[in-house]
Amino acid sequence: MKRFPILSLGATAMLLVMSLGSCAGMSARDKNTAVGAGIGAVGGAVLTGGSTAGTVGGAAVGGIIGHEIKK
């Protein structure tokens, strides 16, 4: 049973490294869109108590706002 937390921590770290590497070729607008979607998803989840609709809606709104920043 002690192996599961270690494996999940390793998998999470590997996923984080891979996701950071995927942003290398993005434009500033693409990065703003991704950051806005991430922040919107977290905000939507917090405001709606973790509902799926709130998380997806927050990600959509945050992505749109992030895309439109510094247009």
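Residues numbered from 1 in each chain as written. Predicted model: local features only at pLDDT ≥ 70, side-chain atom pairs only at ≥ 80, totals over all residues. Heavy atoms only, no water.

Let us look at a nonpolar patch on the surface. A cluster of nonpolar side chains, namely Val61, Ile65 and Ile69, defines an oily patch on the protein surface of about 270 Å² accessible area. Mapping Ile69 onto the fold places it in the segment after helix 3 (52–68). (Patch = residues over 30% accessible without salt bridge, like charges linked within 9 Å, V, L, I, M, F, W, Y side chains within 5 Å. Areas by Shrake-Rupley, 256 points an atom, 1.4 Å probe, with all protein chains shown as cover. Salt bridge = Lys/Arg side-chain N within 4 Å of Asp/Glu carboxyl O. Helix = DSSP H or I, 4+ residues; strand = E, 2+ residues; numbered from the N terminus.)

So, about helix 2 (residues 28–47). If you check helix 2, its first and last C-alpha atoms are 28 Å apart, about what 20 residues at 1.5 Å a residue would give, namely 28 Å. For helix 2, the full list of buried residues reads Gly36, Gly40, Ala41 and Gly44. Within helix 2, the buried residues cover an arc of 135° as seen down the axis, which keeps them to one side. Away from the buried face of helix 2 by more than 90 degrees, exposed residues Ala28, Ile39, Val42 and Val46 are located. Here the buried face of helix 2 lies against helix 3. Just downstream of helix 2, Gly49 is the residue with a positive phi angle, here 75°. (Expected span 1.5 Å × (residues − 1). Buried < 20%, exposed > 50% of the residue type's maximum accessible area, 1.4 Å probe, protein only. Arc of directions from axis to C-beta. Contact = heavy atoms within 4.5 Å.)

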